[in-house]
Amino acid sequence: MTRTPLAGAPDGVAVAQVDWSSTFQYGVDDAPDTVLSAVPGRIYRVTASARALGAVSVGQPFDVAVRERDSTGVTLLRQWSSTGTLGNAFVQRQAFGTVQRAGDRIDVYVVEGNGAAGHSFYVDAIALVDVTGQSTVVAGDDFDDGMLQDAQAPWASVTAVVPNSWAVSAVAAHRGAAGARFTDSISTGTPNVEGALYAIPQNVLSGDTYLRFWARVQLMGAADSIYLAELLSNGGFAQLEVLLDLPSHRVRFGGYDSSAVLTVVDAGFTLPNAEWHLFEAAVLNTGPSPNLGNRRLWVDGVLKVDQGPFSFGDSRRLGVGAAWSDTRATTGTIDVDDVRLSCSPPASRLTVSAPATIARGGCTAVTVGLVDSSGAPAAAPYPVTVALSISGAATAPYSDANCMVSTTTGVIPVDALGADVYLRGNALGAAQLSVAQADFLPGSAAYTIVVGPDAGAVDGGSVDGGSVDGGAVDGGAVDGGSVDGGEISPRALAVGCGCGSAQGSALIVLLAALALRRRALYPDGRPPR
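Residues numbered from 1 in each chain as written. Predicted model: local features only at pLDDT ≥ 70, side-chain atom pairs only at ≥ 80, totals over all residues. Heavy atoms only, no water.

Remarks on unusual backbone geometry
- In the segment running from V162 into P163, the intervening peptide bond is cis, with an omega of 5 degrees.
- Locating P163 in the fold gives a position in the loop between β12 (155-160) and β13 (165-169).
- In this structure, P397 follows A396 across a cis peptide bond, with omega equal to -20 degrees.
- Take P397: it is sitting in strand β30 (residues 394-398).
- At H249, a position not held by glycine, the phi torsion is positive, near 65 degrees.
- Looking at the element boundaries, H249 is found in the loop between β18 (238-246) and β19 (250-256).
- Of note, the phi angle at D300 is positive, near 50 degrees, even though the residue is not glycine.
- Along the chain, D300 turns up in the loop between β22 (291-299) and β23 (302-312).
- Residue D300 is classed as partly exposed on the basis of its relative accessible area of 23%. (Helix = DSSP H or I, 4+ residues; strand = E, 2+ residues; numbered from the N terminus. Buried < 20%, exposed > 50% of the residue type's maximum accessible area, 1.4 Å probe, protein only.)

Structure follows, in structure tokens:
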């Protein structure tokens, strides 16, 4: 391996040139390992960009991987990207790895997988980043810019049995400008794929894998089972399947383990025609070992199925739509939107964090955030714009901490857990803050916030404002505005040394008594000289 100056390098002015020597797989490995003592549950992402060097290397496969190894170098888990192809331009691949065991080492591996004499490639912009707490979406589509395919990812293929069809349109949108609609026009045939969008994500998913999507069906026909979603392992078996039985519209959930044993159960949910619902499914602790883990399904943020433990392999392909039909006896439409595949729990619900009471006249921060279906904070998968409005005893919302710039939206940045907006209380009483964002449950909600007294509102100059004794009697030395010039209520009084309110009150009484004693002894207020 050599450092080679290269115009157009992805990062800087030089790249690493990697030449084949003797092994079938050859490439780049970090030494010493980047992480020497790992913490279980931390998620790492590796990215690297590579291109062929010479015609003989064009078309050869390459991969990147996060490896977890023990102190002796034995690999516990190797979590690959999907395979890229070396060409005349740099292509990036990424892989996510979830740490399985405390104290292991984490390293990076970039390889060509078909090495032979004369093969070489360039590699650059290699990065290993701890992304715990960030969004880990490896494939996703909201269809607002059309249906992504091929080089754009995630849809590697779009399948529809003629005359069935897929289309992107506004009528299929759950959120935004468009969604994807599958139209099933025939009700005959042997069991088969009716129509599916298939994604091969950049990352071969090991560890925990999560799928979430919004779905709406308008289907009719004889007895059938439609597979709305499936996640396939390396051997082609569906690790998870979301099935819709017709004509009952009952949802079932299950899949195969690594021994090709199928387990499917009723999910306790009926999906009516013409209604949008959020589906989230997961296979946990997957991997090439294989490992033992559970299979779970949430509908509208509620856990419906928790099966396991099972032995799973890694995850290689996603299908949504009508990925299979048992009888092909159904006609109608299936709409899907906001499909995301990730290796950490996806955000599913909006939350608002605010004080129970805000001060009248003050400018108070309110946090709009996201959580997953377990209630844990979850990172925004894209810049999430939340519609905001206020009614009642507050004016708002504002985008700044001084409550000077009003707004009707709040934006949670990508990878952030939340964002602050600001409210100003304008009268005592209740205010209702409404938030809305269709991609996250509950879609829209109202939160009640009480506006209470503000600091100084009781006697901050309005009762006696210092006019009774604010300097007229004793020149301000005793209580020249500090006693009742706005400081009595609502916070406890502290005098000079930081004494508590009871001590401060006693000291004031003593000072007042001394002042009266002085006036009695010296009527003109001055002692004799």
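What about the sheet that holds strand β27 (residues 357-359)?
- Across the sheet, which stays open at both edges, the five strands sit in the order β27-β34-β33-β29-β31 with mixed pairing between neighbours. Bordering the open sheet on either side are β27 and β31 (409-412), each of which pairs with just one other strand. When the angles between neighbouring strand axes are averaged without regard to direction, this sheet yields 35 degrees.
- With three bridges joining them, β27 and strand β34 (residues 444-452) adopt parallel strand pairing. By the bridge assignment, I358 is partnered in β34 with V451. (Pairing = 2+ DSSP bridges. Axes fitted to C-alpha atoms, helices over the stretch in contact; angles between N-to-C directions.)

With respect to the state of the cysteines
- All told, the structure shown has one disulfide when counted by the stated rule.
- Disulfide partner of C363: C403, at an S-S distance of 2.0 Å. Linking C363 and C403, the disulfide has an S-S dihedral of approximately 90 degrees and is accordingly described as right-handed. Residue C363 is located in strand β28 (residues 363-371), and its partner C403 is located in the loop between β30 and β31; the two are separated by 40 residues in the primary sequence.
- A residue is classified by how much of its surface remains accessible, and C363, at 27% relative accessible area, is partly exposed.
- The exposure class of C403 is buried, given its relative accessible area of 5%. (Disulfide = S-S within 2.5 Å.)

Topic: the environment of G425
- Tracing the backbone through its elements, the reader meets G425 in strand β32 (residues 418-425).
- Judged by relative accessible area, which is 3%, G425 ranks as buried.
- A sequence separation of 61 residues divides G425 from T364, and the C-alpha atoms of the two residues are 8.4 Å apart.

Focus: the sheet that holds β32
- If you trace the four strands from one edge of the open sheet to the other, you get β26-β28-β32-β30, paired in antiparallel fashion. In the strand order of this sheet, the two ends are held by β26 (349-353) and β30, each with one partner. For this sheet, the mean angle separating the axes of adjacent strands, direction not counted, is 30 degrees.
- Pairing of β30 with β32 involves three bridges; the strand directions are antiparallel. If you follow A394 over to β32, its bridge partner there is G425.

Let's talk about the environment of Q60
- Relative to the helices and strands, Q60 is located in the loop between β4 (43-52) and β5 (61-69).
- A relative accessible area of 13% places Q60 in the buried class.
- Taking C-alpha positions, Q60 is 5.4 Å from L86, a pair spaced 26 residues apart along the chain.
- For Q60, the contacting residues outside a window of four places in its chain are G84, T85, L86, E112, N114 and H119.
- A distance of 2.8 Å separates the side chain of Q60 from the side chain of N114, its partner in a polar contact. (Contact = heavy atoms within 4.5 Å. Polar contact = N/O pair within 3.5 Å; in protein donor to acceptor, adjacent residues only side chain to side chain.)

Remarks on the nonpolar core
- V251, F279, L297, I334 and V339 are the most contacted members of the largest nonpolar core, which has 47 residues in total.
- Considering each element in turn, this core owes the most residues, five residues, to strand β16 (residues 207-221).
- In this structure V251 touches V242, L243, L244, D266, A267, G268, F269, L271, F279 and L297, once residues within four positions along its chain are discounted.
- Grouped together as the second largest cluster of nonpolar side chains are 27 residues, A393, A416, F440 and V451 included. (Core = buried A, V, L, I, M, F, W, Y, C linked by side-chain atoms within 4.5 Å.)

A look at the packing of aromatic side chains
- Overall, the coordinates contain eight aromatic pairs when judged by the stated rule.
- Site record: aromatic cluster; members linked through ring pairs are F213, F269 and F279.
- Taking NZ or CZ as reference, R67 lies 4.2 Å from the ring centre of Y109, over its face.
- The ring of F310 is capped by R295, whose NZ or CZ atom sits 4.5 Å from the centre of that ring. (Phe/Tyr/Trp six-rings, centres within 6.5 Å; stacked < 30°, edge-to-face > 60°. Lys NZ or Arg CZ within 6 Å of the ring centre and 35° of its normal.)

Looking at the environment of G59
- Locating G59 in the fold gives a position in the loop between β4 and β5.
- It is 5.4 Å that separates the C-alpha atoms of G59 and T85, two residues lying 26 residues apart in sequence.
- Setting aside residues no more than four positions away along its own chain, G59 makes contact with T85 and L86.

Here's the deal with the pairing of β23
- Both β22 and β23 contribute to a ladder of eight bridges, which runs antiparallel. Residue pairing for β23: N291 is matched across the bridge by F312.
- Adjacent in sequence and paired antiparallel, β22 and β23 are bridged by two residues, among which D300 carries a positive phi angle near 50 degrees.

Brief notes about the side chain of D141
- Relative to the elements of secondary structure, D141 occurs in strand β11 (residues 137-141).
- Buried and unpaired, D141 has R175 as its nearest opposite-charge partner, separated by 8.7 Å.
- Beyond its immediate chain neighbours, meaning those up to four positions away, D141 contacts G146, M147, L148, P154, W155, D337, D338 and V339. (Lys, Arg positive; Asp, Glu negative; His and termini not counted. Salt bridge = Lys/Arg side-chain N within 4 Å of Asp/Glu carboxyl O.)

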